[in-house]
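# Results of the structural survey
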Amino acid sequence: MADSMSDASASASDAASSASAGAASALGNITSTENQDAAMGALNALSSSFSDSFAQPLKAMLPRGFTPGFAGAPRAFFWFLFNDPEGLADECSQGTPADDSACSYLAFVSMITAVGVIIPILSLLYCFGFCCARGCTERCGCCGKVCKQPNCGGSRPSGEYSKAERSCCIIIFLIFFLLIAFTGIFGFLSTNQIGVDMQDVIKGMKATTTFPDVFSDQVNASFATVEKESNLMVTNANARLSGRDMVRIGVKDLNSSLWLLEDKFEAVQQLIEGKTDAGAQNPCAWKIDDSDVVYDAILLKWRNATGGEVYASASCCATTSVAGCVTGSHVVGVGGGSTSINCKNVTVLANNDIETSPAACSCCCGCYQRLQNLADTVMRMPTESSLEDLNKPISVGDFGKQVSGAQNDVAGAIDSFRETFTSLSDALTPVEGFIGDQTTMTGGGLVMWGLSWVGVVLGLLGLITARGCCWWTSFFIGILCMLIFWILFGVTSIIVLPFGDLCDGMPSSGEDATAWLLTFASTSGAIATVDPTLRALYKDCLVQSPGFSGNLWSVVGMNESTVKSRFASFNVSKMIPRSTVVVNLDTDANTKSFTASKNEMKNMTANQPALVALKAALTAVVAANSSSSSVADAEALLVEVATFDGEVASGLAAMKTQVGAVESRQATLLVATTKFEANITAMIDDADTSINVVTQAMLSAGDCLVLNDLYEGVRGPVCTKLSKSLDAMWVLLFIMSIFWYPMFCIICRKAKHSQQARGVGKVEEEMDTDKAAKKAAKRSAKYDAGDAKPEDQSKGAPAEEGGEKKKKKKKKKKKKKKKKKKK
């Protein structure tokens, strides 16, 4: 039986496993995430690397007005977003936002977004001013003061550039060329990866629409096994009741033997105690020192008839002369219905004459005690109706109905989800088609990041060809790139920052979902106000938090005990209570009184003390032979004594024979009841095992593994793929924006280097020599006059740089001489 139970349980588990395997097959797009990772391999790893190495440190460095982490301001913000969007505006209109508030988070995101808009505008204004100045510097006398050279700040070379400077600029340009080029490549790949990851997210979300069908298959597989096995288990359990017939026969036989033994005892008792005038039994009353007592067959002791006092050491006595002895007397006095010698008063006179008169018969104390023992044993024997209480088979049909009913309830619950999931599937289909067109995402990324490649390639072309138009085209493309990337950095911050915080808060499998669930509390920060169904759905199924069942039934308020309650009526321990088993099948307890007294029954003898003394006196009269009449009377009485003793001996012999018969049937009943009691205990275990098997099968049908797979099938692409790709693109937008600033400086310098290399733009070649000399002298004088100090002008400061150089050389020589003298 135990083997069949374990086989049933194993079958149910196998069915659930098969259903789960079917679920995994139906969720192909989810369970193959590793294969997708392998397919995109380096791109996912690249996005994750940029996210971890650059995006996360950048986020950590951003100034915040709240404590980092989802549990603070981000959760407060999402709480308003999910529960009271209009209330967020009211909350934030009340002044300076408090730390860790939704408003502080909104202010943070808004600030980063504003930075992405303000910086490019300021940069654009600066570049605009720079370009205007560079175009008209030759017409503005103030623009050349810094370097005191012609064309300083203008579009032409302002002097001869050294080879070292030109080489240094080339190296710096090539470094930033590579940085911008590779940043553009990585940016394009991360942008392209966003489209792939979005497709995975949509596939994961669409896979959730298969839940009703997958779960229905899982439930049907489990219940099909349960329904098949439950009938066999119940039938086998009911077979345990077959031993009841042997018990019923044994009880019947033992009762018959006990009743016959009672009859034989009563015959001996009536023979000794005599009859009333009406021929009925002449009962005796029992006393200890004038106190009425009765014999307690349970305690096997004498006790007070009216109270609870027990006489532990009291025993039957023939006379009342011994204190504490139990003596009996007939209730109706001398009974006229008996004429035996036991009921006569015989007196032997001094002359051996004999006088007889009617007297009360002796009371048989032992007979009274043994009959009380037998009466108690008979009373404790189970009756036919009480034995029927043990005949409680489990209804196979009703048990099957409960299983079918449970399956129908589950099917109804699943059907209630179908419409919702069908609507979701219909809504996701066009979205999947749009996002599935990777060409659009690839084209957009190529245009956006390709613009930077064009800019730096034109710079490289300018470096190779020494053409200023290439450099300035690269410059203006760089301004456009800087403008675009800064703005995109600010705009995408609206998505990337909340998206990353949302993923930080969204728990993965096996984690505690409490912090995340507080986002959905009707009262902020109060977990008790989260919808109980949602709370159970997350903790039991979607996340399977530690300490929770991981079963869908818990979500709808069902657990193992509630499932078992459906089968409470089939609990054999309640159908056949232990008290009923004890009352009917504890043969040792039921026959305890007989067992305790059977030896006394076997040892009873016919010798009555009074008759023994009478017999001795009568024998002495016969031996004295003093009178023929006395001898005749004595001999007649001796015959009566012998007859009485013979009748009592015969009755006792028959009684003792019946005691043996009762012992034999007692042993037979004890075997039957012991075996049947073991059967009932086994039946209880079988029924409990059957209920447990059905319960576990039902619970396994509600295994949340499918829902957990669906949850991870959405969370995985969202938080481990899409979020990383967004982070990578976002930080690359920032990096690309920064890289263009030093590139602008290099472009401007290299444009003049290129002109110098081509021999274009030198002042003496630009105009007539005389005009150039005049113009140069005029400017030099103007610069010298402007730089000279008033006192220097009065003394006549040297006008040429050569004089200043000679003074410096003299000072150096003096210093060297001083050092030599000291040595």
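Each value, and the rule that gives it
Residues numbered from 1 in each chain as written. Predicted model: local features only at pLDDT ≥ 70, side-chain atom pairs only at ≥ 80, totals over all residues. Heavy atoms only, no water. Phe/Tyr/Trp six-rings, centres within 6.5 Å; stacked < 30°, edge-to-face > 60°. Buried < 20%, exposed > 50% of the residue type's maximum accessible area, 1.4 Å probe, protein only. Helix = DSSP H or I, 4+ residues; strand = E, 2+ residues; numbered from the N terminus. Core = buried A, V, L, I, M, F, W, Y, C linked by side-chain atoms within 4.5 Å. Contact = heavy atoms within 4.5 Å. Disulfide = S-S within 2.5 Å. Pairing = 2+ DSSP bridges. Patch = residues over 30% accessible without salt bridge, like charges linked within 9 Å, V, L, I, M, F, W, Y side chains within 5 Å. Areas by Shrake-Rupley, 256 points an atom, 1.4 Å probe, with all protein chains shown as cover. Salt bridge = Lys/Arg side-chain N within 4 Å of Asp/Glu carboxyl O. Lys, Arg positive; Asp, Glu negative; His and termini not counted. Charge placed at Lys NZ, Arg CZ, Asp CG, Glu CD. pLDDT = per-residue confidence, 0-100. Axes fitted to C-alpha atoms, helices over the stretch in contact; angles between N-to-C directions. Parallel < 35°, antiparallel > 145°, perpendicular 65-115°, else oblique. Left-handed = near helix turned anticlockwise from the far one by under 90°. Nonpolar A, V, L, I, M, F, W, Y, C, P; charged D, E, K, R; others polar. Expected span 1.5 Å × (residues − 1). Bend = angle between axes of the 7 residues up to and from the residue. Polar contact = N/O pair within 3.5 Å; in protein donor to acceptor, adjacent residues only side chain to side chain.

## Some remarks on the packing of aromatic side chains
Applying the stated criterion to the full structure yields 32 aromatic pairs. Ring geometry for Phe 77 versus Phe 78: centroids 5.4 Å apart, planes at 70°, classification edge-to-face. Neither residue differs from the other here; Phe 77 and Phe 78 are each classed as buried. Consider the rings of Trp 286 and Trp 302, whose centres lie 6.2 Å apart with planes at 55°: the pair is tilted. You can see Trp 286 sitting in strand 1 (residues 284-288) and its partner Trp 302 sitting in strand 3 (residues 301-304), a full 16 residues away along the chain. Residue classification places Trp 286 among the buried positions, given a relative accessible area of 5%. Counting every residue linked through ring pairs, the aromatic cluster contains Phe 66, Phe 70, Phe 77, Phe 78, Tyr 105, Phe 108, Trp 516, Phe 520, Tyr 538 and Tyr 711.

## Side note on the nonpolar core
Residues Leu 261, Ile 394, Phe 399, Trp 449, Trp 730 and Trp 740 are the most contacted members of the largest nonpolar core, which totals 152 residues. In terms of residue count, helix 26 (residues 705-758) provides more of this core than any other element does, 24 residues in total. With residues up to four places along the chain from it excluded, the contact list for Leu 261 reads Leu 374, Phe 594, Met 601, Met 655, Gln 658, Val 659 and Val 662. By size, the runner-up hydrophobic cluster in this structure holds 11 residues, among which are Trp 286, Val 293, Tyr 311 and Val 326.

## Some points on the state of the cysteines
Joining two cysteines, a disulfide is a covalent bond between their sulfur atoms. Under the criterion given, the structure shown has seven disulfides. Here Cys 284 connects covalently by a disulfide to Cys 363, the sulfurs 2.0 Å from one another. Sign of the S-S torsion, about -90° for the bond between Cys 284 and Cys 363, identifies this disulfide as left-handed. Placement of the pair is Cys 284 in strand 1 and Cys 363 in the loop between strand 7 (354-358) and helix 11 (365-380), with a sequence separation of 79 residues. A relative accessible area of 15% places Cys 284 in the buried class.

## Observations regarding the sheet that holds strand 2 (residues 291-296)
The five strands lie next to each other as 4-3-2-1-5, forming an open sheet whose pairing is antiparallel. Looking at the sheet topology across the chains shown, the edges are occupied by strand 4 (310-311) and strand 5 (326-330). Inspection of the sheet shows strand 2 paired to strand 3 by four bridges, in the antiparallel sense. By the bridge assignment for strand 3, Val 294 is matched with Arg 303.

## Digging into a negative patch on the surface
Where like charges cluster on the molecular surface, the negative patch consists of Asp 84, Glu 86, Asp 90 and Glu 91. Its location among the elements puts Glu 86 in helix 6 (residues 85-92).

## Some details on the environment of Gly 450
Counting through the fold element by element, Gly 450 comes out in helix 14 (residues 438-465). For Gly 450, a relative accessible area of 11% gives the class buried.

## Let's talk about the confidence of the model for the chain
As a note on interpretation, predicted positions should not be read in detail where pLDDT is low. Mean pLDDT over the chain works out to 79, with 79% of the residues at or above the 70 mark. A low-confidence stretch, residues 762-770 stays under pLDDT 50, and its non-local contacts, those more than four residues away or across chains, total 11 contacts. In the predicted structure, residues 786-803 sits below a pLDDT of 50 and forms seven contacts with residues beyond four places in sequence or in another chain.

## A look at the packing of helix 10 (residues 244-273) against helix 25 (residues 628-701)
Put simply, helix 10 and helix 25 touch, their axes get as near as 8 Å, and they point 165° apart. In terms of orientation, helix 10 and helix 25 fall into the roughly antiparallel class. In the crossing of helix 10 with helix 25, the sense of the turn from one axis to the other is left-handed. Residues belonging to the contact of helix 10 with helix 25 are distributed by class as follows: 22 nonpolar, seven polar and five charged.

## Looking at the pairing of strand 6 (residues 344-348)
In terms of strand pairing, strand 6 meets strand 7 through five bridges, oriented antiparallel. Counterpart to Val 348 in the pairing with strand 7 is Ile 354.

## A short note on helix 9 (residues 211-238)
Its 28 residues place the ends of helix 9 40 Å apart at the C-alpha level, agreeing with the 40 Å of an ideal helix rising 1.5 Å per residue. A maximum bend of about 30° is found in helix 9 at Glu 229.

## A closer look at the environment of Ala 375
Note on placement: Ala 375 falls in helix 11. Judged by its relative accessible area of 34%, Ala 375 is partly exposed. Placed 117 residues apart in sequence, Ala 375 and Leu 258 show a C-alpha to C-alpha distance of 8.7 Å.

## Overview of the side chain of Asn 571
Counting through the fold element by element, Asn 571 comes out in the loop between helix 19 (560-565) and helix 20 (572-575). Residue Asn 571 is classed as buried on the basis of its relative accessible area of 16%. A polar contact is formed between the side chain of Asn 571 and the side chain of Ser 573, at a distance of 2.4 Å. For Asn 571, the contacting residues outside a window of four places in its chain are Asp 688 and Ile 691.

## Observations regarding the pattern of salt bridges
Think of it this way: side chains of opposite charge can pair up when their charged atoms draw near. Tallying each qualifying case throughout the model produces 16 salt bridges. Between Arg 303 and Asp 296 there is a salt bridge whose closest N-O contact spans 3.1 Å. Put simply, Arg 244, Asp 245, Arg 248, Glu 384 and Glu 388 are held in one network by salt bridges that share partners.

## Quick notes on the side chain of His 753
Secondary-structure assignment places His 753 in helix 26. Residue classification places His 753 among the buried residues on the basis of a relative accessible area of 2%. Leave out the neighbours within four places in its chain, and His 753 touches Tyr 161, Glu 165, Arg 166 and Cys 169.

## Thoughts on the pairing of strand 1
Covered by surrounding structure in strand 1 are Cys 284, Trp 286 and Ile 288 only, the residues Ala 285 and Lys 287 on the alternate face being uncovered. Strand direction decides the pairing type here: strand 1 and strand 5, joined by five bridges, are antiparallel. Within the sheet, the bridge partner assigned to Ile 288 lies in strand 5 and is Val 326. Relative to strand 2, strand 1 runs antiparallel, the two sharing three bridges. Within the sheet, the bridge partner assigned to Lys 287 lies in strand 2 and is Asp 292. The antiparallel hairpin formed by strand 1 and strand 2 contains two residues in its connecting segment, where Asp 289 sits at a positive phi of about 50°.

## What about a nonpolar patch on the surface?
Taken together, the side chains of Val 117, Ile 118, Ile 121, Leu 122 and Leu 125 define a hydrophobic patch exposed on the protein surface, amounting to about 450 Å² of accessible area. Residue position: Leu 122 is located in helix 7 (residues 102-136).

## Focus on the packing of helix 10 against helix 11
Put simply, helix 10 and helix 11 touch, their axes get as near as 10 Å, and they point 160° apart. With respect to each other, helix 10 and helix 11 are oriented roughly antiparallel. Classified by chirality, the crossing of helix 11 by helix 10 is left-handed. Counted together, Asn 255, Leu 258, Trp 259, Leu 261, Glu 262, Phe 265, Glu 266, Val 268, Gln 269 and Ile 272 of helix 10 and Cys 367, Tyr 368, Arg 370, Leu 371, Leu 374, Ala 375, Thr 377 and Val 378 of helix 11 form the full contact between these two elements. Partitioning the contact of helix 10 with helix 11 into residue classes produces 12 nonpolar, three polar and three charged.

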